[in-house]
Structure formats: structure tokens, C-alpha cells
Amino acid sequence: MSGPGLDSGRPRAVRTAVFPVAGLGTRMLPMTRAVPKEMIPVFDRPLIQYAVEEAIAAGISDLVFVTDRSGPMLESHFGPSPELAGKIETGPGGERLDAARALVPGNVRFQFVPQGRPLGLGHAVWCAREAVGDAPFAVVLPDDLMVPGALGELVDAFHARGAAGVVAVEEVPRRDTARYGVVDSGGDAGRVSRIASIVEKPDPADAPSNLAVVGRYVFDASIMDHLGAVPPGAGGEIQLTDAIAVLARSEPVYASRFDGERHDCGNRAGWLRATVALALAGAAPEDGYAGEIRSLLESWPAAGGSGR
Ligand code: UTP
């Protein structure tokens, strides 16, 4: 095979994205008892919609959701809605939209893959191996809401470098390294740098850097073999980071620095911050709520806000 986007006989175009959304979302209880975390609204749409919009903007047309319970909700959210026929909705820019339309273009395909038991992020990605086949693919963690979307840059770097993998990274305070996968890129301060090694949740004293992996990745299909072989790691879970570490020993894997704004919506504080930030970013002068948020903040904590 040859042609644009294809390299040495292997398919290279990145058309598939895996969304691992089978976690229990315990940090967001009680919100997540009946409503899966990815369906919780951030400002005016569910968290997953930001991730799906980012993926489609990056050229993805096959969406693979690893989930045990949210398939029907995702289909009814993104698909056409006959119940809304004839109703008009106001779009983010104030435009009038047909409320019954599907939220994704007609060429976009949805697939749902069960995980069965939440054995870790790496296991969730591995569960998508048949849906992915031998094509390269993206992994998108909706909890990390990225403004602007980061996936397009990763796909570009994947092609430009002939990479086996590219992961998005961000500088974090060193005291926080134990919450992330952390890369060693040999001190290379470039926007895209080759990973020498990567470790999951290192203590700050042992962390190779303060460059933390955030929720966007692009991989060659070979990562699936490593995911199937790595033993349980940090927290007793099958860790995606451990498979990346094995891949990076034999193939070129790169870190791409994200310098936009990331909201971690997997915890209450980050989710609330994202909601306020996106509401304010999307506010038109005539939207009264921006002023109301401001006056609420001005009167806090006198208005009884103790922070709980
Ligand atoms: P988290 O580490 O945030 O776990 O997973 P969680 O279960 O969603 O949330 P908490 O920690 O209980 O509050 C990061 C991403 O990986 C997915 C989650 O759905 C989330 O999108 N994941 C995690 C799985 O799909 N399966 C797993 O076994 C673990």
C-alpha cells in the first residue's frame, strides 16, 4: 500500500478513537450513582460531547466507547431525536438549530465495547483491540477537558515523526507527580520530544520530571500486544503507562506539550471550575448569568459559602 497517510505498508491514517468510560467515577458520587460520569453536564453539554467534538475535529470518524452501561445514553444523545422534530434550539453562538438533528456528521460511527470489570485504564483500552484492528488509534479520556482540543496536534506529530506513539503532557507542580504518569524526555524542552522512559504515579522525589501525561494519546496498534502482556501495576490495575514504557524501549514514542487550559473533571473541584470557566467563556453580553456569577463570587464567603 502507498499513498497519503500510509507508511511502509501499514495503515497510518488515524480514524479511530477509543474513549475508556467504564470507570466507576467514585470521586464524583453521588452524581455518578445513576448517571455515568461522561454524561454529567459541564456548562451546557455532557462532558463526553467536548471529547467527541475534539476527536471529530482531529479527523476521527470511528468512535469506540469502552463502557458497560452508557451505550444507550450515548446513542440517544448523539443520534437524531425524532421526539424533538419541529423544535428549535439556540446554538452556542445564538444561532437557531433544528433540535432533532444528530450531533455528529453522518460518516461518524459508534461502537460500544464492554469492559466487564474495571481492571484499570490499560485494560479498558485493551478491551477495544478488536474494534481497533491493525490501524493506529487515539485514546481520549473525557475527564480531561482540553481548551483548545489537543488531539489534532498529537495526530500531526504522530504522522510527522513516524511515531509508534505520542502522548500529551503538561507541566505540573512536582508535589503532584504521584497523581500522573510522568515522562523522562532527557531534558529536551522542545514542544515535541522523544520519551526515554515513563513511570506511573512516581513519588515527587523519584519522578524523572514534572511532565505529566494528560488524557490524549495516539498509538500504533502494536500497543495492544503490550497491554495484553503487562502485569498489574500501580494500584493493582493494568496501567496504560506500563505498556507505553515497554513500547518506548523499542519504538519511537513522543511527548507533545499541551499549553492550553486543561480542566480535570474527574473530581468535583475541577468539574465545577470547568463549568464556571466555560459558562463565562461562552457568555454573550446579554447573558445575565455572567454578572450573577461575578456577584456571587464577590459576596463569597459572606453569603454563607463555607467551601464545604
Ligand atoms: P479514573 O482514574 O478517573 O477512574 O479513570 P474512575 O473510575 O473514572 O473515577 P474514580 O477514580 O472512581 O473517581 C480515568 C478514565 O479511565 C476510565 C474512566 O472511565 C475514565 O474515563 N477507566 C478507568 C475505565 O474505562 N476502566 C477502568 O477500569 C478504569
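Residues numbered from 1 in each chain as written. Predicted model: local features only at pLDDT ≥ 70, side-chain atom pairs only at ≥ 80, totals over all residues. Heavy atoms only, no water.

Regarding the overall build of the protein
A count of helical and extended segments in the protein gives nine helices and 18 strands. The dimensions of the protein, computed from C-alpha atoms along their principal axes, are 55 × 45 × 35 Å. Among the 308 residues that make up the protein, the fraction classed as buried is 46%. For the protein, the share of sequence-separated contacts (at least 6 apart) that also reach a separation of at least 24 residues comes to 74%. Accessible surface for the protein amounts to roughly 15,100 Å². Of this, 54% is attributable to carbon and sulfur atoms. (Helix = DSSP H or I, 4+ residues; strand = E, 2+ residues; numbered from the N terminus. Buried < 20%, exposed > 50% of the residue type's maximum accessible area, 1.4 Å probe, protein only. Contact = heavy atoms within 4.5 Å. Areas by Shrake-Rupley, 256 points an atom, 1.4 Å probe, with all protein chains shown as cover.)

Here we look at the site of the ligand
Among the 16 residues in the neighbourhood of the ligand, the closest are listed as P20, T26, R27, K37 and Q115. Q115 is positioned such that a nitrogen or oxygen atom in its side chain is 2.7 Å from a nitrogen atom of the ligand. Out of a free accessible area of 560 Å², the ligand has 81% covered by protein chains. When its residues are assigned to classes, the shell around the ligand shows eight nonpolar, five polar and three charged. (Near = heavy atom within 4 Å. Polar contact = N/O pair within 3.5 Å; in protein donor to acceptor, adjacent residues only side chain to side chain. Nonpolar A, V, L, I, M, F, W, Y, C, P; charged D, E, K, R; others polar.)

Focus: the packing of aromatic side chains
Overall, the coordinates contain eight aromatic pairs when judged by the stated rule. Aromatic side chains F78 and F110 sit 5.6 Å apart centroid to centroid with 45 degrees between the ring planes, which places their arrangement in the tilted category. Note that F78 is positioned in helix α2 (residues 71-78) and F110 in strand β9 (residues 109-113), a separation of 32 residues in sequence. Seen in terms of ring centroids, F110 and F112 are 6.4 Å apart; in terms of plane orientation they differ by 35 degrees. Their pairing is tilted. (Phe/Tyr/Trp six-rings, centres within 6.5 Å; stacked < 30°, edge-to-face > 60°.)

Considering the nonpolar core
Among the nonpolar cores identified, the biggest contains 36 residues, and F137, Y217, F219, I223 and I244 are the most heavily contacted of them. Secondary structure elements with two or more residues in this core: β6 (62-66), α3 (121-126), β10 (137-140), β12 (165-171), β16 (211-219), α6 (223-229), α7 (240-250) and β17 (253-257). With six residues, α7 is the single largest residue contributor to this core. When residues no more than four places from it in sequence are discounted, the contact partners of I223 are F137, A243, I244 and L247. In this structure, V155, A168, V214 and Y254 belong to the second largest nonpolar core, which totals 34 residues. (Core = buried A, V, L, I, M, F, W, Y, C linked by side-chain atoms within 4.5 Å.)

Structural notes on the pattern of salt bridges
In this structure the tally under the stated criterion is 15 salt bridges. Of the charged contacts in the structure, one is a salt bridge between R45 and D44, with a shortest N-O distance of 2.9 Å. We classify R45 as buried; its relative accessible area is 15%. Across the salt bridge formed by E171 and R257, the nearest N and O atoms sit 3.0 Å from each other. Of this pair, E171 sits in strand β12 while R257 sits in strand β17, placing them 86 residues apart in sequence. What emerges from the salt-bridge pattern is a single network uniting D44, R45 and E53. (Salt bridge = Lys/Arg side-chain N within 4 Å of Asp/Glu carboxyl O.)

Here we look at the pairing of β12
Counting buried residues along β12, six of its seven residues qualify, which places the element largely inside the surrounding structure. Across six bridges, the pairing between β12 and β16 is antiparallel. By the bridge assignment, E170 is partnered in β16 with A212. As defined by bridge partners, β12 adjoins β17 across five bridges and the pair is classed as parallel. Within β17, the position partnered with V167 by the bridge is A255. (Pairing = 2+ DSSP bridges.)

Description of unusual backbone geometry
Cis geometry is adopted by the peptide bond preceding P30, which originates at L29 and carries an omega value of 5 degrees. By the secondary structure assignment, P30 is in the loop between β3 (16-20) and β4 (41-42). Cis geometry is adopted by the peptide bond preceding P148, which originates at V147 and carries an omega value of -5 degrees. Along the chain, P148 falls in the loop between β11 (144-147) and α5 (151-161). In this model, F43 sits at a positive phi of 55 degrees, which is unusual for a non-glycine residue. Position of F43 relative to the elements: it lies in the loop between β4 and β5 (45-46). Classification of F43 as partly exposed rests on a relative accessible area of 32%. Despite not being glycine, K201 has its phi angle at roughly 50 degrees, a positive value. Mapped onto the fold, K201 is located in the loop between β15 (197-200) and β16. Overall, the relative accessible area of 39% leaves K201 in the partly exposed class.

Observations concerning the confidence of the model for the protein
Summarising the model, the protein shows a mean pLDDT of 92, and 94% of its residues fall at 70 or more. For the stretch residues 1-7, pLDDT sits under 50, and the model shows seven contacts to residues farther than four places along the chain or on other chains. (pLDDT = per-residue confidence, 0-100.)

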